Amino acid sequence: MMGSRERRAVNIKGVLRRNWLLIATISSVLAGICLGVVVREYASLSHLHKQYFGFPGEILMRMLKLVILPLIISSMITGVAALDSEVSGKIGLRAIVYYFSTTIIAVLLGILLVMTIKPGVSQTADNIDRTGITPNVSTADTLLDLVRNMFPENLVQACFQQYKTVRKELEPPKGVINTTAFPTLSTTIMAVVENITKDYKIVGTYSDGINVLGLIVFCVVFGLVIGKMGPKGRILLEFFDALNEATMKLVQIIMCYMPVGILFLIAAKIIEVEDWEIFKKMGLYIVTVLSGLAIHSIICLPLIFFIIVRKNPYTFTLGMTQALVTALMISSSSATLPVTFRCTEENNRIDKRITRFVLPVGATINMDGTALYEAVAAIFIAQLNNYDLNVGQIVTIRDRFRTMINVLGDAYGAGIVQKLSRRELERMDLTSDVDVANPFALEATLDDEECEKKSYVNGGFTVDKTDAISFTETSQF
């Protein structure tokens, strides 16, 4: 009897020791909500004092953003260099197909819910403040800016700025005949003529923010080049692999501070909300969005994961809890990326060759929650203004909870791509003795003596397993 009690006590201690950070984070979320409500109710803080109150949370955000850049660069370069061009192309294609497929599913789900619930029909737009400036943008300019950002003209500048173009209207030449010379035309026709004669030029500007897409494109190409360089590229690969390991050590330190930062981050957000009536006015709209996000994360994504991987998706989700809570609190997929790496590699045992390649791409292009949110928002605004949308217009419409869904989709994507790429990864792990070294391949299932003689894949040079860094070694923090 005593032995059974001792074993249970040891098991409980073991669970607490392994999951203390997750338990502390969830506790800090609840404590932050309570603290925010109490301070809001019983203390009258000025705007300046509210900013002081949220300072510990601001420090957490700054620390997480601090490690984004070295993490993306080091993980992408080492991840791509560990794969040959054919395998990396297949993995990238599978990841992109998965992300676009889930985004389309999210959009269709959002449209179905908003057309069924009709949250804007019961609301009135009479009291809406419509002041503001509508930016003069077009789909063509947006797509061209996307391509421009893929090829930044200055790599250092891409670390903190993105390129963006704006349209500037050109004044017509003085020799052009004025439209007022046709007094017989109606006002409507004159407006049309004036609109036709307008001309624009594109002016390039820069906005603050990391150009993640440009950095990813550069790192992919740079990693492929290092992989083809043979022994000459080994020193570069070892440098970036060491940089990645050092960055993950920093992530471990940051995560120890996370419960404190999240507590003040949530409390400060609750205190800063000035008009809680907006939640009552937008209640049905909020319910529609949250219902869509819940269905997508609880049913759609797990179902896709189960069909392809044939494993329990909710066990996988449980391993991502720390990353999901972080995403819920800080509302940034990129800032959550360090925690996502840790959860997928350490808790869910996803191959580092997959996570280092798929997760940074997913943080950039996977926007399931955002796509669902925007589809609902567009049709909600149309319903609010009594504007009937036909099928063609609906098809063209392509917070925090949506960020959490984005992160969950990234993690599921890594698991699915690993399953689909299993044969290629095994072939790279179990090739002949002339293979090249992979510093983060899974340990081979051979005898110890055979493993000592085994070589691993890493883009063009040979090294024994004794020189390689195994998955189990690099995933511990």
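Computed from a prediction, not measured in an experiment: that's the story for all the values here.

A. Local environment of the overall build of the protein chain. If you tally the helices and strands in the protein chain, you get 23 helices and 2 strands. Of the accessible surface of the protein chain, which amounts to about 26,100 Å², a share of 63% is contributed by carbon and sulfur atoms.

B. How the structure looks around the pattern of salt bridges. Going through the model one piece at a time under the given rule, you end up with 13 salt bridges. Between K90 and E424 there is a salt bridge; the shortest N-O distance is 3.8 Å. With relative accessibility at 7%, the residue E424 sits in the buried group. Among the ionic pairs, E424 bridges to R94, the shortest N-O distance being 3.0 Å. Each member of the salt-bridge network shares a partner with another, and the members are D241, E245, E345, K352 and R356.

C. Representation of unusual backbone geometry in the model. Residue R310 is not a glycine yet carries a positive backbone phi of 65°. Within the secondary structure layout, R310 lies in the loop between α13 (283-309) and α14 (313-319). The class for R310 is exposed, based on a relative accessible area of 59%. The backbone phi angle of R349 is positive, close to 55°, even though this residue is not glycine. Along the chain, R349 turns up in the loop between α16 (333-347) and α17 (352-365).

D. Expanded view of helix α18 (residues 368-384). In this model α18 runs 24 Å from its N-terminal to its C-terminal C-alpha over 17 residues, within 8% of the 24 Å that 1.5 Å per residue would give. With respect to burial, α18 is a largely interior element, 13 of its 17 residues being buried.

E. Structural detail: the packing of aromatic side chains. All told, the structure shown has 10 aromatic pairs when counted by the stated rule. Geometrically, the ring pair formed by F316 and Y412 is stacked, given 5.5 Å between the ring centres and 20° between the ring planes. A relative accessible area of 7% places F316 in the buried class. Here the aromatic cluster, defined as three or more aromatic residues joined through ring pairs, consists of F218, F222, F239 and F240.

F. A look at the state of the cysteines. Under the counting rule described, the total for this entry stands at 0 disulfides. There is no disulfide at C219, and the cysteine sulfur nearest it, in C159, is 9.0 Å away. Here C219 falls in the buried class, since its relative accessible area comes to 1%.

G. Spatial organisation of helix α6 (residues 85-117). Between its first and last C-alpha, α6 extends 48 Å over 33 residues, near the 48 Å set by a 1.5 Å rise per residue. Positioned one or two residues after α6, K118 has a phi angle of 55°, which is positive.

H. Region of the structure containing a nonpolar patch on the surface. Residues I26, L30, I33 and V37 make up a contiguous nonpolar surface patch of roughly 330 Å² in combined accessible area. Tracing the chain through its elements places I33 in helix α2 (residues 20-42).

I. Seen up close, the nonpolar core. Of all hydrophobic cores here, the largest spans 86 residues; its most connected members are M76, I91, I354 and V358. The residues contacting I354, other than those within four sequence positions of it, are I91, L359, A414, V417, Q418, S421 and L425.

J. Just the side chain of T340, in detail. Tracing the sequence through the fold places T340 in helix α16. Ignoring any residue separated from it by four or fewer positions in sequence, one finds T340 in contact with M320, A323, L359 and V407.

Reading the values: the criteria
- Residues numbered from 1 in each chain as written.
- Predicted model: local features only at pLDDT ≥ 70, side-chain atom pairs only at ≥ 80, totals over all residues.
- Heavy atoms only, no water.
- Helix = DSSP H or I, 4+ residues; strand = E, 2+ residues; numbered from the N terminus.
- Areas by Shrake-Rupley, 256 points an atom, 1.4 Å probe, with all protein chains shown as cover.
- Salt bridge = Lys/Arg side-chain N within 4 Å of Asp/Glu carboxyl O.
- Buried < 20%, exposed > 50% of the residue type's maximum accessible area, 1.4 Å probe, protein only.
- Expected span 1.5 Å × (residues − 1).
- Phe/Tyr/Trp six-rings, centres within 6.5 Å; stacked < 30°, edge-to-face > 60°.
- Disulfide = S-S within 2.5 Å.
- Patch = residues over 30% accessible without salt bridge, like charges linked within 9 Å, V, L, I, M, F, W, Y side chains within 5 Å.
- Core = buried A, V, L, I, M, F, W, Y, C linked by side-chain atoms within 4.5 Å.
- Contact = heavy atoms within 4.5 Å.

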